[in-house]
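Here is what each chain is made of, one letter per residue.
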Amino acid sequence: MKNCFRSGINPAAGGRLFLLFLFTTACLQTAWAETDILSRIRNEAKNIKSLQAEFIQEKQMKILVRPLISKGRFFFKGPASIRWEYLSPVNSVVMMHQGEVRRFFKKDGLVIRDSGANLQAMQVVMQNITRWLGGHFDKNPDFKMTLKKNRIVLKPSQPMPGMIDRIELLLSDRPGLIDTITIYEDKENYTKIEFRAMEINRPIADSLFQEIS
Amino acid sequence: MKPLLPISILVILICSSCASLPPLSPVSTIDTTICSKPFATGQQQFVHAIAASLPGGGNSLITGITTISTAEASVHAIIMTLEGLVLFEGRIKGGEIEILRSISVFSEPAFAEGLLNDVRLIFLKPTGVPLEIGGLEPGTLVCRYRGRDKSTVDVMLYDNGDWKLVQYDAGSHPHRWVRKFVPDRIHLKVSGAFSYSLDMQLIQ
(Lines give C-alpha, C1' and ligand atoms only; values in the text may rest on other atoms or scores of the structure.)
Protein backbone atom coordinates (compact mmCIF):
# COMPACT_ATOMS: atom_id res chain seq x y z
CA MET A 1 0.00 0.00 0.00
CA LYS A 2 2.85 2.36 0.94
CA ASN A 3 4.44 1.91 -2.48
CA CYS A 4 1.14 2.54 -4.04
CA PHE A 5 0.55 5.65 -2.02
CA ARG A 6 4.04 6.74 -2.97
CA SER A 7 3.39 6.24 -6.65
CA GLY A 8 -0.15 7.55 -6.26
CA ILE A 9 -1.65 4.60 -8.15
CA ASN A 10 -4.13 2.11 -6.82
CA PRO A 11 -2.99 -1.42 -7.90
CA ALA A 12 -6.40 -2.37 -9.33
CA ALA A 13 -6.69 0.93 -11.17
CA GLY A 14 -3.13 0.50 -12.41
CA GLY A 15 -4.02 -2.90 -13.85
CA ARG A 16 -7.03 -1.39 -15.61
CA LEU A 17 -4.88 1.44 -16.98
CA PHE A 18 -2.36 -1.09 -18.27
CA LEU A 19 -5.14 -3.05 -20.00
CA LEU A 20 -6.51 0.19 -21.44
CA PHE A 21 -3.01 1.04 -22.67
CA LEU A 22 -2.67 -2.39 -24.28
CA PHE A 23 -6.10 -2.13 -25.86
CA THR A 24 -5.46 1.39 -27.16
CA THR A 25 -2.08 0.35 -28.51
CA ALA A 26 -3.63 -2.69 -30.21
CA CYS A 27 -6.36 -0.51 -31.72
CA LEU A 28 -3.86 2.05 -32.92
CA GLN A 29 -1.64 -0.69 -34.34
CA THR A 30 -4.68 -2.16 -36.15
CA ALA A 31 -5.61 1.28 -37.47
CA TRP A 32 -2.01 1.93 -38.52
CA ALA A 33 -1.81 -1.53 -40.13
CA GLU A 34 -5.13 -0.86 -41.90
CA THR A 35 -3.92 2.53 -43.13
CA ASP A 36 -0.63 0.97 -44.17
CA ILE A 37 -2.31 -1.83 -46.12
CA LEU A 38 -4.76 0.57 -47.77
CA SER A 39 -2.03 3.03 -48.78
CA ARG A 40 -0.01 0.10 -50.17
CA ILE A 41 -3.04 -1.01 -52.20
CA ARG A 42 -3.58 2.54 -53.45
CA ASN A 43 0.04 2.84 -54.48
CA GLU A 44 -0.12 -0.45 -56.36
CA ALA A 45 -3.47 0.51 -57.88
CA LYS A 46 -1.85 3.60 -59.40
CA ASN A 47 0.23 1.27 -61.55
CA ILE A 48 -2.83 -0.53 -62.91
CA LYS A 49 -3.72 1.28 -66.11
CA SER A 50 -5.90 -1.49 -67.47
CA LEU A 51 -7.21 -4.84 -66.36
CA GLN A 52 -9.00 -7.69 -68.06
CA ALA A 53 -10.32 -10.88 -66.59
CA GLU A 54 -12.83 -13.66 -66.91
CA PHE A 55 -15.49 -13.97 -64.24
CA ILE A 56 -17.88 -16.53 -62.87
CA GLN A 57 -20.93 -15.20 -61.09
CA GLU A 58 -22.81 -17.39 -58.64
CA LYS A 59 -26.22 -16.29 -57.46
CA GLN A 60 -27.27 -18.21 -54.38
CA MET A 61 -30.75 -17.75 -52.98
CA LYS A 62 -32.71 -19.72 -50.44
CA ILE A 63 -35.51 -20.14 -52.97
CA LEU A 64 -33.23 -21.40 -55.76
CA VAL A 65 -33.07 -25.16 -56.25
CA ARG A 66 -29.49 -24.73 -57.44
CA PRO A 67 -27.26 -21.65 -57.80
CA LEU A 68 -27.58 -19.61 -60.95
CA ILE A 69 -24.21 -19.49 -62.70
CA SER A 70 -23.27 -16.82 -65.23
CA LYS A 71 -19.95 -16.38 -67.02
CA GLY A 72 -18.37 -13.48 -68.79
CA ARG A 73 -15.50 -11.08 -69.28
CA PHE A 74 -14.49 -7.91 -67.48
CA PHE A 75 -12.41 -5.03 -68.85
CA PHE A 76 -11.20 -1.92 -67.04
CA LYS A 77 -9.19 0.99 -68.35
CA GLY A 78 -8.27 3.98 -66.22
CA PRO A 79 -9.54 6.34 -65.18
CA ALA A 80 -13.10 5.00 -65.31
CA SER A 81 -13.95 2.86 -68.32
CA ILE A 82 -15.54 -0.54 -67.71
CA ARG A 83 -16.92 -3.26 -69.94
CA TRP A 84 -18.90 -5.94 -68.11
CA GLU A 85 -19.89 -8.64 -70.56
CA TYR A 86 -21.99 -11.74 -69.98
CA LEU A 87 -21.38 -14.62 -72.37
CA SER A 88 -23.65 -17.22 -70.77
CA PRO A 89 -26.45 -18.05 -70.18
CA VAL A 90 -27.35 -14.84 -72.03
CA ASN A 91 -25.42 -12.33 -74.09
CA SER A 92 -25.39 -8.88 -72.53
CA VAL A 93 -22.88 -6.10 -72.14
CA VAL A 94 -22.74 -3.05 -69.88
CA MET A 95 -20.26 -0.34 -70.82
CA MET A 96 -19.24 2.67 -68.79
CA HIS A 97 -17.20 5.30 -70.59
CA GLN A 98 -16.80 9.00 -69.82
CA GLY A 99 -19.52 8.82 -67.18
CA GLU A 100 -22.12 7.27 -69.46
CA VAL A 101 -23.46 3.79 -68.74
CA ARG A 102 -25.13 1.81 -71.52
CA ARG A 103 -26.35 -1.76 -71.65
CA PHE A 104 -27.09 -3.85 -74.71
CA PHE A 105 -28.36 -7.37 -75.12
CA LYS A 106 -28.86 -9.76 -77.99
CA LYS A 107 -32.22 -11.18 -78.96
CA ASP A 108 -32.80 -13.24 -82.08
CA GLY A 109 -29.52 -11.99 -83.52
CA LEU A 110 -30.46 -8.35 -82.99
CA VAL A 111 -28.61 -5.98 -80.65
CA ILE A 112 -31.05 -4.11 -78.42
CA ARG A 113 -30.27 -1.21 -76.11
CA ASP A 114 -31.52 -1.70 -72.56
CA SER A 115 -33.44 1.27 -71.20
CA GLY A 116 -34.78 -0.34 -68.03
CA ALA A 117 -34.82 1.28 -64.59
CA ASN A 118 -32.23 -1.25 -63.40
CA LEU A 119 -29.55 0.62 -65.36
CA GLN A 120 -29.36 3.29 -62.64
CA ALA A 121 -28.49 0.64 -60.09
CA MET A 122 -25.81 -0.68 -62.42
CA GLN A 123 -24.30 2.79 -62.75
CA VAL A 124 -23.85 2.92 -58.97
CA VAL A 125 -22.28 -0.55 -58.95
CA MET A 126 -19.81 0.37 -61.71
CA GLN A 127 -18.80 3.61 -60.04
CA ASN A 128 -18.03 1.62 -56.89
CA ILE A 129 -15.98 -0.92 -58.84
CA THR A 130 -13.92 1.96 -60.26
CA ARG A 131 -13.30 3.24 -56.72
CA TRP A 132 -12.28 -0.21 -55.51
CA LEU A 133 -9.85 -0.68 -58.40
CA GLY A 134 -8.24 2.58 -57.31
CA GLY A 135 -7.97 1.23 -53.76
CA HIS A 136 -10.51 3.77 -52.52
CA PHE A 137 -12.67 1.39 -50.51
CA ASP A 138 -13.60 4.07 -47.98
CA LYS A 139 -14.57 6.82 -50.40
CA ASN A 140 -18.28 5.97 -50.60
CA PRO A 141 -20.13 7.58 -47.64
CA ASP A 142 -22.98 5.10 -48.12
CA PHE A 143 -20.75 2.30 -46.79
CA LYS A 144 -18.53 1.84 -43.75
CA MET A 145 -15.32 -0.03 -44.44
CA THR A 146 -13.42 -2.46 -42.27
CA LEU A 147 -10.37 -4.50 -43.20
CA LYS A 148 -10.12 -8.08 -41.95
CA LYS A 149 -6.82 -9.64 -43.05
CA ASN A 150 -7.16 -9.86 -46.85
CA ARG A 151 -10.85 -9.04 -46.81
CA ILE A 152 -12.51 -5.64 -47.15
CA VAL A 153 -15.98 -5.55 -45.63
CA LEU A 154 -18.36 -2.75 -46.62
CA LYS A 155 -21.50 -2.32 -44.52
CA PRO A 156 -24.24 0.10 -45.55
CA SER A 157 -24.20 3.27 -43.44
CA GLN A 158 -27.98 3.20 -43.48
CA PRO A 159 -29.62 -0.24 -43.24
CA MET A 160 -30.74 -1.66 -46.58
CA PRO A 161 -32.81 -4.63 -45.37
CA GLY A 162 -33.28 -7.38 -47.93
CA MET A 163 -31.08 -5.56 -50.44
CA ILE A 164 -27.51 -5.33 -49.15
CA ASP A 165 -26.37 -6.55 -45.76
CA ARG A 166 -22.69 -6.24 -46.62
CA ILE A 167 -20.21 -6.46 -49.48
CA GLU A 168 -17.04 -8.48 -49.05
CA LEU A 169 -14.04 -7.99 -51.29
CA LEU A 170 -11.43 -10.70 -51.16
CA LEU A 171 -8.13 -9.06 -52.00
CA SER A 172 -5.71 -10.78 -54.32
CA ASP A 173 -2.16 -11.70 -53.28
CA ARG A 174 -1.16 -9.13 -55.83
CA PRO A 175 -1.89 -5.74 -54.22
CA GLY A 176 -4.46 -3.63 -56.03
CA LEU A 177 -6.44 -6.57 -57.40
CA ILE A 178 -9.64 -8.15 -56.14
CA ASP A 179 -10.15 -11.90 -56.44
CA THR A 180 -13.79 -12.09 -55.38
CA ILE A 181 -16.72 -9.73 -54.78
CA THR A 182 -19.53 -11.13 -52.66
CA ILE A 183 -22.70 -9.12 -52.13
CA TYR A 184 -24.74 -10.47 -49.22
CA GLU A 185 -28.43 -9.60 -49.19
CA ASP A 186 -28.78 -11.54 -45.92
CA LYS A 187 -27.39 -14.76 -44.44
CA GLU A 188 -28.87 -17.03 -47.10
CA ASN A 189 -28.87 -14.92 -50.26
CA TYR A 190 -25.78 -13.64 -51.96
CA THR A 191 -24.07 -12.98 -55.29
CA LYS A 192 -20.44 -14.04 -55.62
CA ILE A 193 -18.31 -12.86 -58.52
CA GLU A 194 -14.98 -14.59 -58.88
CA PHE A 195 -12.35 -13.17 -61.21
CA ARG A 196 -9.93 -15.42 -63.08
CA ALA A 197 -7.14 -15.12 -65.62
CA MET A 198 -6.47 -11.50 -64.71
CA GLU A 199 -4.19 -9.59 -67.04
CA ILE A 200 -2.80 -6.21 -66.08
CA ASN A 201 -1.80 -3.36 -68.37
CA ARG A 202 -2.40 -5.21 -71.59
CA PRO A 203 -3.44 -2.56 -74.13
CA ILE A 204 -7.22 -2.22 -74.52
CA ALA A 205 -8.72 -0.05 -77.26
CA ASP A 206 -11.16 2.67 -76.16
CA SER A 207 -13.66 1.28 -78.67
CA LEU A 208 -14.16 -1.75 -76.42
CA PHE A 209 -15.96 0.56 -73.98
CA GLN A 210 -18.07 2.21 -76.67
CA GLU A 211 -18.91 -0.47 -79.20
CA ILE A 212 -20.59 -3.81 -78.73
CA SER A 213 -18.27 -5.59 -81.23
CA MET B 1 -79.17 15.82 -87.06
CA LYS B 2 -77.44 17.18 -84.02
CA PRO B 3 -78.55 14.49 -81.53
CA LEU B 4 -77.38 11.75 -83.90
CA LEU B 5 -73.68 12.32 -83.27
CA PRO B 6 -73.76 11.67 -79.51
CA ILE B 7 -76.10 8.72 -80.09
CA SER B 8 -73.76 7.22 -82.69
CA ILE B 9 -70.82 7.62 -80.31
CA LEU B 10 -72.88 5.97 -77.58
CA VAL B 11 -73.75 3.08 -79.92
CA ILE B 12 -70.09 2.62 -80.83
CA LEU B 13 -69.12 2.66 -77.14
CA ILE B 14 -71.86 0.19 -76.24
CA CYS B 15 -70.93 -2.10 -79.13
CA SER B 16 -67.24 -1.97 -78.32
CA SER B 17 -67.90 -2.76 -74.66
CA CYS B 18 -70.07 -5.71 -75.58
CA ALA B 19 -67.64 -7.72 -77.69
CA SER B 20 -68.32 -11.42 -77.73
CA LEU B 21 -65.99 -14.34 -77.36
CA PRO B 22 -65.15 -16.21 -80.56
CA PRO B 23 -67.56 -19.13 -80.90
CA LEU B 24 -66.13 -22.61 -80.56
CA SER B 25 -67.09 -25.37 -82.93
CA PRO B 26 -68.11 -28.71 -81.45
CA VAL B 27 -65.50 -31.45 -81.21
CA SER B 28 -66.17 -35.18 -81.24
CA THR B 29 -63.95 -36.44 -78.39
CA ILE B 30 -63.43 -34.41 -75.25
CA ASP B 31 -60.75 -35.32 -72.73
CA THR B 32 -60.51 -32.48 -70.21
CA THR B 33 -57.12 -33.65 -68.92
CA ILE B 34 -55.55 -32.31 -72.11
CA CYS B 35 -56.51 -28.78 -71.00
CA SER B 36 -53.79 -28.94 -68.28
CA LYS B 37 -51.01 -29.68 -70.77
CA PRO B 38 -49.39 -26.20 -70.92
CA PHE B 39 -49.26 -25.73 -67.16
CA ALA B 40 -46.84 -26.65 -64.42
CA THR B 41 -47.67 -29.53 -62.12
CA GLY B 42 -46.64 -30.18 -58.53
CA GLN B 43 -43.86 -27.90 -57.35
CA GLN B 44 -41.58 -26.55 -60.05
CA GLN B 45 -39.04 -23.81 -60.49
CA PHE B 46 -38.18 -21.93 -63.66
CA VAL B 47 -35.44 -19.40 -64.32
CA HIS B 48 -35.95 -17.28 -67.42
CA ALA B 49 -33.99 -14.58 -69.19
CA ILE B 50 -36.74 -12.08 -69.91
CA ALA B 51 -36.49 -9.55 -72.72
CA ALA B 52 -39.17 -7.01 -71.87
CA SER B 53 -40.61 -4.48 -74.31
CA LEU B 54 -41.82 -1.75 -71.99
CA PRO B 55 -44.69 0.75 -72.23
CA GLY B 56 -43.38 3.74 -74.14
CA GLY B 57 -41.06 1.69 -76.33
CA GLY B 58 -38.08 0.86 -74.12
CA ASN B 59 -36.46 -2.54 -73.71
CA SER B 60 -34.88 -4.33 -70.79
CA LEU B 61 -33.26 -7.68 -70.09
CA ILE B 62 -33.90 -9.16 -66.66
CA THR B 63 -33.82 -12.53 -64.94
CA GLY B 64 -37.03 -14.05 -63.59
CA ILE B 65 -37.21 -16.82 -61.02
CA THR B 66 -40.61 -18.44 -60.63
CA THR B 67 -41.58 -21.16 -58.19
CA ILE B 68 -44.99 -22.72 -58.68
CA SER B 69 -46.96 -24.93 -56.33
CA THR B 70 -50.11 -26.28 -57.93
CA ALA B 71 -51.20 -27.87 -54.64
CA GLU B 72 -51.21 -24.46 -52.95
CA ALA B 73 -52.13 -22.58 -56.15
CA SER B 74 -49.24 -20.30 -55.28
CA VAL B 75 -46.63 -18.41 -57.26
CA HIS B 76 -43.39 -16.99 -55.87
CA ALA B 77 -41.70 -14.63 -58.31
CA ILE B 78 -38.39 -12.79 -58.28
CA ILE B 79 -37.22 -10.25 -60.83
CA MET B 80 -33.55 -9.32 -60.75
CA THR B 81 -30.86 -7.79 -62.89
CA LEU B 82 -28.37 -10.07 -64.64
CA GLU B 83 -25.87 -8.98 -61.98
CA GLY B 84 -28.11 -10.49 -59.31
CA LEU B 85 -29.63 -7.31 -57.86
CA VAL B 86 -33.16 -8.20 -56.78
CA LEU B 87 -35.66 -5.64 -58.06
CA PHE B 88 -38.83 -7.37 -56.96
CA GLU B 89 -39.86 -10.39 -54.92
CA GLY B 90 -43.47 -11.26 -54.30
CA ARG B 91 -45.90 -14.10 -54.06
CA ILE B 92 -49.51 -14.80 -54.73
CA LYS B 93 -51.37 -17.46 -52.81
CA GLY B 94 -55.10 -18.04 -52.90
CA GLY B 95 -55.57 -14.68 -54.59
CA GLU B 96 -53.63 -12.79 -51.90
CA ILE B 97 -50.71 -10.76 -53.22
CA GLU B 98 -47.72 -10.13 -50.98
CA ILE B 99 -44.72 -7.94 -51.89
CA LEU B 100 -41.70 -9.30 -50.01
CA ARG B 101 -39.20 -6.72 -51.25
CA SER B 102 -38.92 -4.26 -54.08
CA ILE B 103 -37.09 -1.18 -55.23
CA SER B 104 -37.90 1.85 -57.38
CA VAL B 105 -40.80 1.48 -59.82
CA PHE B 106 -41.07 -2.19 -58.92
CA SER B 107 -42.64 -1.11 -55.60
CA GLU B 108 -45.84 0.06 -57.26
CA PRO B 109 -48.77 -2.19 -56.16
CA ALA B 110 -50.17 -2.12 -59.71
CA PHE B 111 -46.84 -3.44 -61.00
CA ALA B 112 -46.80 -6.25 -58.44
CA GLU B 113 -50.36 -7.22 -59.20
CA GLY B 114 -49.77 -7.16 -62.95
CA LEU B 115 -46.55 -9.15 -62.72
CA LEU B 116 -47.95 -11.83 -60.44
CA ASN B 117 -51.10 -12.12 -62.54
CA ASP B 118 -48.93 -12.58 -65.64
CA VAL B 119 -46.97 -15.32 -63.93
CA ARG B 120 -50.13 -16.98 -62.68
CA LEU B 121 -51.67 -16.89 -66.17
CA ILE B 122 -48.54 -18.41 -67.75
CA PHE B 123 -47.86 -21.18 -65.25
CA LEU B 124 -51.03 -22.06 -63.34
CA LYS B 125 -54.03 -23.81 -64.85
CA PRO B 126 -57.13 -21.64 -64.51
CA THR B 127 -59.26 -22.69 -61.56
CA GLY B 128 -62.31 -24.86 -62.01
CA VAL B 129 -63.38 -26.95 -64.95
CA PRO B 130 -63.60 -25.67 -68.51
CA LEU B 131 -66.81 -23.85 -69.28
CA GLU B 132 -66.60 -25.04 -72.84
CA ILE B 133 -64.32 -27.16 -75.04
CA GLY B 134 -64.27 -26.89 -78.80
CA GLY B 135 -62.41 -26.01 -81.94
CA LEU B 136 -61.45 -22.55 -83.17
CA GLU B 137 -58.77 -22.68 -85.86
CA PRO B 138 -58.04 -25.81 -87.89
CA GLY B 139 -55.86 -28.17 -85.86
CA THR B 140 -56.63 -26.56 -82.51
CA LEU B 141 -58.57 -27.50 -79.43
CA VAL B 142 -59.75 -24.78 -77.09
CA CYS B 143 -60.53 -25.18 -73.38
CA ARG B 144 -62.44 -22.11 -72.21
CA TYR B 145 -62.34 -21.12 -68.52
CA ARG B 146 -64.33 -18.40 -66.78
CA GLY B 147 -62.73 -16.57 -63.84
CA ARG B 148 -64.44 -15.21 -60.73
CA ASP B 149 -63.82 -11.68 -62.05
CA LYS B 150 -65.80 -12.56 -65.21
CA SER B 151 -62.60 -12.73 -67.26
CA THR B 152 -62.17 -15.63 -69.66
CA VAL B 153 -59.09 -17.67 -70.52
CA ASP B 154 -58.90 -19.71 -73.71
CA VAL B 155 -56.30 -22.47 -73.59
CA MET B 156 -55.54 -23.26 -77.22
CA LEU B 157 -53.73 -26.52 -77.95
CA TYR B 158 -52.20 -27.10 -81.37
CA ASP B 159 -51.70 -30.45 -83.06
CA ASN B 160 -47.91 -29.89 -83.21
CA GLY B 161 -47.66 -29.59 -79.40
CA ASP B 162 -47.52 -25.79 -79.23
CA TRP B 163 -50.07 -23.87 -77.19
CA LYS B 164 -51.48 -20.41 -76.78
CA LEU B 165 -53.43 -18.69 -74.00
CA VAL B 166 -55.77 -15.77 -74.60
CA GLN B 167 -57.23 -13.86 -71.70
CA TYR B 168 -60.38 -11.79 -72.26
CA ASP B 169 -61.58 -9.11 -69.85
CA ALA B 170 -65.13 -9.01 -68.44
CA GLY B 171 -66.25 -7.27 -71.65
CA SER B 172 -64.85 -10.17 -73.72
CA HIS B 173 -61.99 -8.08 -75.15
CA PRO B 174 -58.74 -10.04 -75.57
CA HIS B 175 -55.95 -8.27 -73.67
CA ARG B 176 -53.34 -10.89 -72.79
CA TRP B 177 -51.77 -13.44 -75.09
CA VAL B 178 -49.26 -16.11 -74.10
CA ARG B 179 -47.64 -18.30 -76.70
CA LYS B 180 -45.05 -21.07 -76.68
CA PHE B 181 -43.53 -21.07 -80.13
CA VAL B 182 -40.18 -22.81 -79.77
CA PRO B 183 -39.00 -25.18 -77.02
CA ASP B 184 -38.34 -23.42 -73.70
CA ARG B 185 -39.47 -20.06 -75.00
CA ILE B 186 -42.67 -18.25 -74.05
CA HIS B 187 -43.99 -14.93 -75.33
CA LEU B 188 -46.47 -12.78 -73.40
CA LYS B 189 -48.18 -9.75 -74.90
CA VAL B 190 -50.41 -7.39 -72.96
CA SER B 191 -52.53 -4.73 -74.67
CA GLY B 192 -54.13 -1.63 -73.18
CA ALA B 193 -53.00 1.77 -71.94
CA PHE B 194 -49.74 0.27 -70.62
CA SER B 195 -49.05 -2.34 -73.24
CA TYR B 196 -45.91 -4.44 -72.98
CA SER B 197 -44.51 -7.80 -73.98
CA LEU B 198 -42.19 -10.35 -72.39
CA ASP B 199 -40.02 -12.80 -74.29
CA MET B 200 -39.03 -15.50 -71.84
CA GLN B 201 -36.17 -17.90 -72.56
CA LEU B 202 -35.76 -20.76 -70.08
CA ILE B 203 -32.17 -20.80 -68.79
CA GLN B 204 -32.47 -23.12 -65.80
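Residues numbered from 1 in each chain as written. Chains lettered and ligands numbered in written order. Predicted model: local features only at pLDDT ≥ 70, side-chain atom pairs only at ≥ 80, totals over all residues.

Student: Account for the confidence of the model for chain A, naming residues and giving values.
Tutor: Taken as a whole, chain A shows an average pLDDT of 86; of its residues, 85% reach a score of 70 or greater. Confidence drops under pLDDT 50 across residues 1-7 of chain A; counting only partners more than four residues distant or on other chains, this segment forms 3 contacts. (pLDDT = per-residue confidence, 0-100. Contact = placed C-beta atoms within 7 Å.)

Student: Please set out the pairing of strand β12 (residues 196-202) of chain B residue by residue, giving values where relevant.
Tutor: Consecutive side chains of a regular strand alternate in pointing toward one face of the sheet and then the other. Residue and element names in this part refer to chain B. With 6 bridges connecting them, strand β1 (residues 43-53) and β12 associate as antiparallel partners. Its bridge partner lying in β12, A52 is registered against L198. Inspection of the sheet shows strand β11 (residues 185-190) paired to β12 by 6 bridges, in the antiparallel sense. Bridge assignment links I186 to a residue of β12, and that residue is M200. Turn length for the β11-β12 hairpin, with the two strands adjacent in sequence and antiparallel, is 5 residues, and the turn residue G192 shows positive phi of about 125°. (Pairing = 2+ DSSP bridges. Helix = DSSP H or I, 4+ residues; strand = E, 2+ residues; numbered from the N terminus.)

Student: Let's hear about the sheet that holds β12 of chain B: which residues, and what values?
Tutor: Residues and elements named next belong to chain B. The sheet built from 12 strands is open, its strands ordered β5-β4-β3-β2-β1-β12-β11-β10-β9-β8-β7-β6 with antiparallel pairing. Strand pairing shows two members of the sheet lacking a second neighbour, β5 (96-102) and β6 (132-134), which therefore form its edges. Taken pair by pair, the neighbouring strands of this sheet meet at an average axis angle of 20°, ignoring direction. Relative to strand β4 (residues 86-93), strand β3 (residues 74-80) runs antiparallel, the two being bridged by 7 bridges. (Axes fitted to C-alpha atoms, helices over the stretch in contact; angles between N-to-C directions.)

Student: Kindly report on the interface of chain B and chain A, identifying the contributing residues and their values.
Tutor: Facing the 27 residues of chain B at the interface are 27 residues of chain A. Mapped onto the side of chain B that touches chain A, the elements with two or more residues apiece are β1, β2 (59-69), β3 and β4 of chain B. Classifying every residue of the side of chain B that touches chain A gives 14 nonpolar, 10 polar and 3 charged. (Nonpolar A, V, L, I, M, F, W, Y, C, P; charged D, E, K, R; others polar.)

Student: Please give an account of unusual backbone geometry that cites residues and values.
Tutor: All names here are of chain A. That bond from G78 to P79 is cis: its omega, 5°, falls within 30 degrees of zero. For P79, the position within the fold is in the loop between β2 (68-77) and β3 (81-88). In this structure, K149 takes a positive phi of about 55° despite not being glycine. Located in the positive-phi region is A197, a residue other than glycine, with phi close to 50°. Relative to the elements of secondary structure, A197 occurs in strand β11 (residues 190-200). Exposure remark for A197: the 9 C-beta atoms within 10 Å place this residue in the exposed category. (Buried ≥ 20, exposed ≤ 12 C-beta atoms within 10 Å, placed from the backbone.)

Student: Any chance you could break down the pairing of β3 of chain A for me, citing the residues and the numbers?
Tutor: Residues and elements named next belong to chain A. Relative to β3, β2 runs antiparallel, the two sharing 7 bridges. Across the sheet, K71 pairs through a bridge with S88, a residue of β3. What sits between the antiparallel neighbours β2 and β3 is a turn of 3 residues. As paired elements, β3 and strand β4 (residues 92-97) share 5 bridges and run antiparallel to each other. The residue bridging W84 from the neighbouring strand is V94, located in β4. Adjacent in sequence and paired antiparallel, β3 and β4 are bridged by 3 residues.

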